Amino acid sequence: MDLLFKGGTIYPITSKPFKGDILVREGKILQIAEKIDVKDAEVIEVTGKYVFPGFVDAHSHIGIFEEGVGGIYYQDGNEMTNPLTPEVRVIDAFYPEDPAIDRALAGGVTTVMVVPGSANPVGGQGAILKFKSKIVDEMIVKEPAGLKMATGENPKRVYGSMKKSPATRLGVGASIRQYFQKVKNYMAKKEKAKEKGEPFTEVDHQLEIGEKVLRREIPARIHAHRADDILTAIRISEEFGFDLVIEHATEAYKIADYIKAKGIPLVLGPIFGFRTKLELKDMTFEAIKIINEKGILAAMMCDHPVIHLEHTSIQLGTALRYGAREEDLLKMVTINPAKILGIDDKVGSLEVGKDADIVLWSGHPFDFRSVVERVFIEGKEVFKV
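Within each chain, residues carry numbers counting from 1 in the order of the written sequence. Note on the predicted model: pLDDT of at least 70 is required for a residue's local features to be given, and 80 or more for side-chain atom pairs to be given and counted; whole-chain, interface and lining totals, by contrast, use all residues. With hydrogens and water set aside, each side-chain value is computed from the structure's full complement of heavy atoms.

As named in an unreviewed UniProt entry, the chain is Amidohydrolase, taken from Kosmotoga pacifica.

Structure (structure tokens):
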């Protein structure tokens, strides 16, 4: 049966908010207007409520650093046995029963890009998931959706403590280059076999995913906080010709014009919290304002569990006091991450033809007193207070 959301304050994101109705059919938005009258629809009265698209977090570790398990060495988010682990896939470790998922829904988050942690220069394959099932295979929007990589202090600390390479930024850059050179050689070997009409039987899962990156089928998602690490990531991407998203980008505001000229998207954050390492010492909320004013495509992450996904709106609302615009902030957890993930034809705004991922708030999300009352993913209710 069709669903008719009636009389709410609707925030489409890609257009101005208004009071009106949304008609949903077979999991998609069929119509959105100031007034919709139809027969045989289930009416959901939302007068006085704020109606938003489900929030999208483009960088999360939910389900692989799950709650109640214990410290990092008991978690499944980092394969800290080899600096190069491109073959590992988050869907093989993702735990759909993670209690944090229901609380993420309670924060209005419906879609996430789950990536491995940042212990390894090449860490593994991420997946875009929706919180619509307890079966991970039924949650997948796209997989693989990116190859997680890391620069800076994390891989230095992990492998330096083992007295192994890479123990410096020199070694991290070299490790990534060596990996992609192997991928190029692998691709050349494949092409030679094809030219000879011979079957290629030396399939290597470590290199297969790198081939997808070099063919620009998926991007590299490179963890880089400091400006010099961001520049290293860009430099390597240009050397090997692959698409790039910078994760965290703590000091991106220092080189914003350069990043804008290169057209590199950013997934910023988290901005809350204690500056736990050298590369976070210049972390600032002002970065959000600067990056948006430069016109850089940027999303906001919680880096769950660093900040729990349920607190997405609180992190964003806090940024208002540092000069960021409400419109920009809302886009950073809706249409912008959807664009970065390549799924903006499905999610990220309330528009005709898109998935009916609809969240009903008691008030504006940036009012800390507001709560999520109901959540629908593809027209099916998945959360209710």
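**Focus: the overall build of the chain**
A tally of regular secondary structure across the chain gives 11 helices and 16 strands. Each radius of gyration is computed over the set of C-alpha atoms, and the globule rule expresses the reference value as 2.2 Å times the number of residues to the power 0.38. In terms of overall dimensions, the chain is globule-like: its C-alpha atoms have a radius of gyration of 21 Å, near the 21 Å expected for 385 residues. By its C-alpha atoms, the chain is 65 × 55 × 45 Å across when sized along the principal axes. For every residue, the accessible area obtained with a 1.4 Å probe (protein chains only) is divided by the maximum for its type, and the residue is called buried under 20%, exposed over 50%, and partly exposed between those limits. Counting every position in the chain, which comprises 385 residues, the buried fraction comes to 57%. A separation threshold of at least 6 residues defines the contact pool for the chain, and within that pool the share at least 24 residues apart is 67%. Surface accessibility in these figures is a Shrake-Rupley result with a 1.4 Å probe; residues are shielded only by whichever protein chains are displayed. As displayed, the chain offers around 16,600 Å² of accessible surface, 50% of which is attributable to carbon and sulfur atoms. Charge-centre separation for the chain: the mean point of 52 positive side chains lies 4 Å from the mean point of 56 negative side chains. Helical segments are the DSSP runs of H or I of at least four residues, strand segments are the runs of E of at least two, and each set is numbered from the N terminus. In what follows, residue pairs with any heavy atoms lying within 4.5 Å of each other are defined as contacts. Positive charges come from Lys and Arg, negative ones from Asp and Glu, while His and the chain ends are left out of the count. In this description, the location of a charge corresponds to atom NZ of lysine, CZ of arginine, CG of aspartate or CD of glutamate.

**Quick word on the packing of aromatic side chains**
Any two of the Phe, Tyr and Trp rings considered here, Trp counted by its six-membered ring, make a pair once their centres fall within 6.5 Å; the pair's planes then place it as stacked at under 30 degrees, edge-to-face at over 60, or tilted in between. For the structure shown, the criterion picks out nine aromatic pairs. Between the aromatic rings of Y186 and F200, the centroid separation amounts to 5.4 Å while the plane-to-plane angle is 80°, which identifies the pairing as edge-to-face. You can see Y186 sitting in helix α4 (residues 169-195) and its partner F200 sitting in the loop between α4 and α5 (205-214), a full 14 residues away along the chain. Classification of F200 as partly exposed rests on a relative accessible area of 23%. Ring geometry for F285 and Y322: centres 4.8 Å apart, planes at 10°, overall stacked. Of the two residues, F285 is situated in the loop between β12 (266-268) and α8 (286-293) and Y322 in the loop between α9 (312-319) and α10 (326-331); the sequence distance between them amounts to 37 residues. Three or more aromatic residues joined by ring pairs make a cluster, and in this case those are Y179, F180, F240 and F242.

**A look at the nonpolar core**
In a soluble, globular protein the nonpolar side chains are often hidden away together inside. If you look at the biggest cluster of nonpolar residues, it comprises 83 residues, and the most contacted ones within it are I62, F131, F180 and L266. With seven residues, the top contributor of residues to this core is α4. Setting aside residues up to four positions removed in sequence, F131 forms contacts with I62, I101, A104, L105, V109, T110, V112, M139, L309, I377 and V382. Listed in part, the 15 residues of the second largest apolar core include I128, M301, I340 and V347. Buried residues of nine kinds, namely Ala, Val, Leu, Ile, Met, Phe, Trp, Tyr and Cys, make up a nonpolar core once their side-chain atoms join them within 4.5 Å.

**A few points about the pairing of strand β5 (residues 50-53)**
Here a strand pair is declared whenever DSSP counts at least two bridges between the two strands. For strand β1 (residues 2-10) and β5, the ladder comprises two bridges, and the chain directions are parallel. The residue of β5 that forms the bridge with I10 is V51. Relative to strand β14 (residues 358-361), β5 is paired through four bridges, and the arrangement is antiparallel. Bridge pairing in β14 links F52 to V359.

**Describing α5**
Of the positions making up α5, those classed as buried are L207, I209, G210, E211, V213 and L214. Along its buried surface, α5 packs onto β8 (122-130), β9 (140-150), α4, β10 (220-224) and α6 (227-240). A positive backbone phi angle near 60° is found at R216, which sits one or two residues after α5.

**Points about the side chain of T9**
Its location among the elements puts T9 in strand β1. Residues contacting T9, with those up to four places away along its chain left out, are F18, K19, K49, Y50 and V51.

**Remarks on the environment of P96**
Structurally, the position occupied by P96 is in the loop between β6 (55-60) and α1 (99-106). The spacing of P96 and I62 is 34 residues in sequence and 9.2 Å in space, taken between C-alpha atoms. The contacts of P96, once residues within four sequence positions are left out, are I101, K134, V136 and M139.

**Overview of unusual backbone geometry**
Cis geometry marks the peptide bond from E143 to P144, where omega comes out at -5°. By the secondary structure assignment, P144 is in strand β9. Geometrically, the link from G269 to P270 is a cis peptide bond, its omega value of -5° lying close to zero. Relative to the assigned elements, P270 resides in the loop between β12 and α8.

**Examining the domain arrangement of the chain**
For the chain, the assigned domains are domain 1 (1-53 + 348-384) and domain 2 (55-347). As used throughout, domain bounds are those supplied by an automatic or database domain assignment. On a C-alpha basis, the centres of domain 1 and domain 2 stand 30 Å from each other. Tallying the contact residues gives 22 residues for domain 1 and 28 residues for domain 2. Buried area between domain 1 and domain 2, both sides added, is near 2,100 Å², and the carbon and sulfur share of it is 68%. The term salt bridge refers to a side-chain nitrogen of Lys or Arg lying within 4 Å of a carboxyl oxygen of Asp or Glu. Between the two partners, domain 1 and domain 2, sit four salt bridges. With its nearest N and O atoms 3.0 Å apart, the salt bridge here joins E378 to K130. Here a polar contact is taken to be a pair of N or O atoms separated by no more than 3.5 Å, where protein atoms must pair a possible hydrogen donor with a possible acceptor and residues adjacent in sequence count only if both atoms sit in side chains. Taken together, the connections running from domain 1 to domain 2 amount to 11 residue pairs in polar contact (both at pLDDT 80 or more). Buried area is understood as the total, over both parts, of accessible area removed when two parts are fitted together, assessed with a 1.4 Å probe.

**Thoughts on the environment of I236**
Mapped onto the elements of the fold, I236 is located in helix α6. Given a relative accessible area of 2%, I236 falls into the buried group. In sequence terms I236 and A174 are 62 residues apart; their C-alpha atoms lie 9.8 Å from each other. Sequence-distant contacts of I236, defined by excluding residues within four places in its chain, comprise G173, I176, R177 and F242.

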